[in-house]
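Examining the three-dimensional arrangement
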Amino acid sequence: MVTEEKRNFKELRARLEEEGMQESSLKLGPSLTIRGMESLSGERPDSDKYVMSDYQAELDTNPRAQSRSRNPSLSSVGDHSGSAAKSGPTITAKELFCLQVTLEQAFNSYFLDTSSEDFALEPELMMVKTYIAQFCSVYVDKYEQHSSDLWTNIEQEIHPSRCIIYSYKPDRSREPYDTRYMSQFNYFFFNRSLKRVLFFSMIVRDSPPEDAYDEDEMEDIF
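Now for a quick tour of the structure. (Residues numbered from 1 in each chain as written. Predicted model: local features only at pLDDT ≥ 70, side-chain atom pairs only at ≥ 80, totals over all residues. Heavy atoms only, no water.)

Turning our eyes to something else, we now look at a nonpolar patch on the surface. Taken together, the side chains of Leu40, Val138, Tyr139 and Met182 make up a nonpolar region of the molecular surface, amounting to roughly 360 Å² of accessible area. By the secondary structure assignment, Met182 is in strand S5 (residues 181-191). (Patch = residues over 30% accessible without salt bridge, like charges linked within 9 Å, V, L, I, M, F, W, Y side chains within 5 Å. Areas by Shrake-Rupley, 256 points an atom, 1.4 Å probe, with all protein chains shown as cover. Salt bridge = Lys/Arg side-chain N within 4 Å of Asp/Glu carboxyl O. Helix = DSSP H or I, 4+ residues; strand = E, 2+ residues; numbered from the N terminus.)

Next up on the list: the environment of Tyr131. Here Tyr131 is to be found in helix H6 (residues 125-139). For the pair Tyr131 and Met37, spaced 94 residues apart in the sequence, the C-alpha separation amounts to 6.0 Å. In contact with Tyr131, other than residues within four places in its own chain, are Thr33, Gly36, Met37, Leu40 and Tyr187. (Contact = heavy atoms within 4.5 Å.)

Inspection of the entire model under this criterion finds 4 salt bridges. Here Arg13 ties to Glu23 by a salt bridge, and the two come within 3.1 Å at their closest N and O atoms. With Arg13 in helix H1 (residues 3-18) and Glu23 in the loop between H1 and strand S1 (26-27), the pair connects residues that are 10 residues apart, well separated along the chain. We classify Glu23 as partly exposed; its relative accessible area is 30%. Note that Arg15 and Glu19 form a salt bridge whose closest N and O atoms lie 3.9 Å from each other. With a relative accessible area of 25%, Arg15 lands in the partly exposed category. (Buried < 20%, exposed > 50% of the residue type's maximum accessible area, 1.4 Å probe, protein only.)

Spatial relationships are all this shows, so hold off on functional conclusions.
Below is the structure:
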């Protein structure tokens, strides 16, 4: 980390300590993918048909985990106890800070005061890809024609099947979510082995941004 990042991370740790939170296991919010699929299809996905993405991330760093049962209630990598499953998914302060910084760099806006519960652990890659395809079939023209190239490029950059996948639930008081929009998703593919995060976001606006070109300006350009 550069000096400013170290200072910001220190401030985050101090805030968590002041709030009485354990920085090794900060509570995450509920999966936005599961809720989104239920909203689009009217049916909640069967929990026996998928696992959470912390399982696939653990396989990347610990191949022996393959022998364990595919338990969809796993709460955190390396912790498979019943009590952990009941407590829900968690994130460390360090990974939370990485997500916050990623948002800041993506949108050039302040996100360091976001809570761990503004983020969620998401299911394994195939479930996330299915939801993104369903989402884009509604809002994106000809997504099917471009999806193969899109995911090929993502595979080359981050190996998403080896990632733990997080999402962010926007606060409408923050840019760029403070303008009217119809729907959105915000995914973080976190590859611990590569020490790399890929941020994949889409915002579907119900009107063009204020700084968008009007028709006359577009005619002048072309």
